[in-house]
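# Structural characterization, general
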Amino acid sequence: NRVDKDADGRITEEEVKEIITLSAAANNLKKVSEQSEEYARLIMEELDPNNLGYIELYNLEMLLLQAPSQSMGIGTTNSRNLSQMLSQHLRPTAEPNPLRRWYRRASYFLEDNWRRCWVILLWLSICVGLFTWKFMQYRERAVFKVMGYCVCVAKGGAETLKFNMALILLPVCRNTITWFRNRTAAGRFVPFDDNINFHKVIAAGISVGAGLHIISHLTCDFPRLLHATEEEYEPMKRFFGDDQPPNYWWFVKGTEGWTGLVMLVLMAIAFTLAMPWFRRGRLSLPKPLNRLTGFNAFWYSHHLFVIVYALLIVHGHFLYLTKKWQKKSTWMYLAVPMVMYACERLTRALRSSVRPVKILKVAVYPGNVLSLHFSKPQGFRYKSGQYIFVNCAAVSPFQWHPFSITSAPQDDYVSVHIRTLGDWTRELKNVFSKVCRPPTEGKSGLLRAEYDRDVGAMSNPSFPKVLIDGPYGAPAQDYKQYDIVLLVGLGIGATPMISIIKDIINNMKRLEGDVESGNPGDASTSASFRTRRAYFYWVTREQGSFEWFRGVMDEIAESDKKSVIELHNYCTSVYEDGDARSALIAMLQSLNHAKNGVDIVSGTRVKTHFARPNWRNVYKRIALNHREQRVGKYQTHFVSRVHTQFVGSITGMLGKLHIMDTMLSFVLSR
């Protein structure tokens, strides 16, 4: 009635267009609003077959009610059927006994985290053991009579500090970790994919060890030594000299003192700028302090570790209480890890320099996403789900950033999709936008540039030089060992999943081709590829995000004749099905998909769902459809609403359904 201004019960095409524009604005669908004229004609064709130039208001109301009622009816029926089937196997109420409830939760937790638990327990045991060993050792020494338990605590903290300073380098040896997880069975027992999290845990251990060492020395050991009587100081002469230290400055100016204080300052800077508030730029600081936030500040401050390790070796050599070189153990802790890390950095530098890549295509998409297609370097082999590091000297000659590979291993190129979320990615987008132009008709993206082999070098765009390093292992690369795969991506977190679904289609095509031609193919390949069904749930709040992988979606919808991959796109900016505010959008979606085979929200052949997925129903349906099968669930930058207890109850009640939940613990687009 608000649009029917003359209240005659008739609506013209212009008024229909206005309704569509209002509904699109309410659901944050900018592209639908831009195409409102086209969709208004579509409604008029449906409701005005006699070309009267208007439609009756009640006809439009009936059409509006039809689409949401159908979608609600289908969803309700499916949910009801699922609930009835599950009720035969699942308990309708929670466990009343609190002990059993606690035991069940603990068992689910250990089932998911036992690898992490034993590694953390081992690390804590070593730290406690080293602290206790050093503590007891200094209790028996002469210095204990002067400094008391303070020196025991200081030396115990120092011992754990040396161990952790050596250990913290190992989780960032990416090539070594990738080799172990790909070539050995260690991945079954060691959570290599949590390397960065373990790196952070060790950093916390370093903070504790350094705190115990420094505070004990400054507030207890040194004051006791300064105020010791001549008789008490007599046994200390062989450590501190014949003359008793007169003041604090004596300790500070010595090599042991100034190296320790400089290390403390540098480590405090690196630790502070590594905090999420600084690293992700969440703090709004005035100029020029704003330079302390963002990834650049984190990256450069973290490389102060070179100075810290040099000072640590010097500090560990000039010790007050240890004079024999064979008892100075700092270099013994650090030698092997430092050599390993140096070889790691050297390998990365050499590999990236001897594997030049040529940029084949650049595209800038809505939502501040940059797509880069590189030529595949000779001998470059990777698995779907892995990631590479990218360097662009035009932005920073030193910084390397990780991004998931979105191309499939069978493609003759390597591609990444990078969302602008920080200072480095923002500058990278700006650099490549300068060489791009608006796309020609039929091409996606806001800006594009492509390398054409058929024209001369002068006619091709001059792209900035880019280096890549990798590939490196990630949890999703192991998807082939599962019969059924559930892939969940939120926004740009869908990048590794795109590579996986392309790889699944390619593998299925190859296996089908071998069967049709009578060629059994590679038996080892067939055995290693167990996946026969995949569910892909992509959740994004912006309509423009669907342009990022529109070509992939259409390719899968066209080539997946046997429905191996079930695609589910969700746009959370649209109100859920059944809501009056999205009723018109649902109607337009049904009409356009029936007529043109294209979804009005995503612009692909895959029909988009509204609002967020009902994860409980998703798990229910997969559990019922695939009993006695292994289900691998991979999700990136996203936490499902379904509790582990619910998943565990499905696993326990339905028999041999194995739901393997793997979280990617790093965000692959900064």
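Computed from a prediction, not measured in an experiment: that's the story for all the values here.

Inspection of every chain in the model, using the stated rule, returns 1 disulfide. One disulfide bridge connects cysteine 150 with cysteine 220, the sulfur atoms lying 1.7 Å from each other. Where cysteine 150 bonds to cysteine 220 through sulfur, the torsion about that S-S bond is close to 60°, and the disulfide is right-handed. You can see cysteine 150 sitting in helix α7 (residues 149–167) and its partner cysteine 220 sitting in helix α9 (residues 195–226), a full 70 residues away along the chain. Both residues of the pair, cysteine 150 and cysteine 220, count as buried. Of the cysteine sulfurs around cysteine 173, a residue in no disulfide, the closest is that of cysteine 343, at 9.2 Å.

Omega for the bond connecting lysine 287 with proline 288 falls within 30 degrees of zero, at 0°, which places this linkage in the cis form. By secondary structure assignment, the location of proline 288 is in the loop between α14 (276–279) and α15 (295–302). A cis amide bond links glycine 470 to the next residue, proline 471, at an omega of 5°. Structurally, proline 471 is set in strand β9 (residues 466–472). Positive phi values are uncommon outside glycine, yet alanine 611 reaches one of about 65°.

Another aspect to go through is a nonpolar patch on the surface. A surface patch of nonpolar side chains, amounting to about 510 Å² of accessible area, comprises Met275, Trp277, Leu283, Leu285, Leu289 and Leu292. On the secondary structure map, leucine 292 appears in the loop between α14 and α15.

Right, let's talk about the sheet that holds strand β3 (residues 359–365) for a bit. With antiparallel pairing, 4 strands are arranged side by side in an open sheet as β7-β4-β3-β8. Each having just a single partner strand, β7 (413–419) and β8 (447–450) make up the two edges of the open sheet. Averaged over all pairs of adjacent strands, the angle between their axes in this sheet comes to 10°, without regard to strand direction. Relative to β7, strand β4 (residues 369–375) runs antiparallel, the two sharing 7 bridges.

What follows deals with the nonpolar core. Within the largest apolar cluster, 57 residues are counted, with the highest numbers of intra-cluster contacts made by Ile20, Ile43, Ile501, Ile504, Phe536 and Ile565. Here this core takes 8 residues from helix α19 (residues 495–517), the largest share from any one element. With 28 residues, the next largest nonpolar core counts Leu167, Val172, Ala210 and Leu266 among its residues.

On to the UniProt feature "transmembrane region" (unreviewed entry) in the chain, then. The residues that UniProt annotates with the feature "transmembrane region" (unreviewed entry) are residues 118–136, 258–278 and 298–322. End-to-end, the C-alpha atoms of residues 118–136 are 27 Å apart, and along that stretch the chain is 100% helix and 0% strand. Each end of residues 298–322 is marked by a C-alpha atom, and these two atoms are 36 Å apart; helix forms 72% of the span and strand 0%.

By the criterion of burial, β4 is predominantly enclosed, with 7 of the 7 residues buried. A two-sided burial pattern is seen for β4, the buried positions comprising Val369, Ser371, His373 and Ser375 on one face and Leu370, Leu372 and Phe374 on the other. With 6 bridges joining them, β3 and β4 adopt antiparallel strand pairing. When the sheet's bridge partners are listed, alanine 363 is paired in β4 with serine 371. Here β3 folds back onto β4, and the loop between the two strands holds 3 residues, one of which, glycine 367, carries a positive phi near 85°.

What counts and what doesn't
- Residue numbers run consecutively from 1 along every chain, following the written order of its sequence.
- Under the rules for a predicted model, residues below a pLDDT of 70 receive no local features and side-chain atom pairs below 80 are neither given nor counted, while totals for whole chains, interfaces and linings still include all residues.
- As a rule here, side-chain values come from all non-hydrogen atoms in the structure, and water together with hydrogens is ignored.
- Two cysteine sulfur atoms form a disulfide, by the criterion used here, when they sit within 2.5 Å.
- Only DSSP runs of H or I reaching four residues or more are called helices, and only runs of E reaching two or more are called strands; each is numbered from the N terminus.
- Exposure categories follow from relative accessible area, calculated using a 1.4 Å probe and restricted to protein chains: below 20% of the type maximum is buried, above 50% is exposed, and the middle band is partly exposed.
- Residues qualify for a patch when their relative accessible area is over 30% and they have no salt bridge, like charges being joined within 9 Å and the nonpolar side chains of Val, Leu, Ile, Met, Phe, Trp and Tyr within 5 Å.
- Only the protein chains shown count as cover for residues, and the accessible areas themselves come from Shrake-Rupley with a 1.4 Å probe.
- Throughout this description, the term salt bridge denotes a Lys or Arg side-chain nitrogen within 4 Å of a carboxyl oxygen of Asp or Glu.
- Strands pair, by our definition, only if DSSP identifies at least two bridges between them.
- Inter-axis angles, ranging from 0 to 180 degrees, are taken between N-to-C directions of lines fitted to C-alpha atoms, where helices are fitted over the stretch in contact.
- Side-chain atoms within 4.5 Å link the members of a nonpolar core, which is a set of buried Ala, Val, Leu, Ile, Met, Phe, Trp, Tyr and Cys residues.
- UniProt positions are given in the numbering used here, feature names are shortened, and annotations may be inferred rather than shown by experiment.

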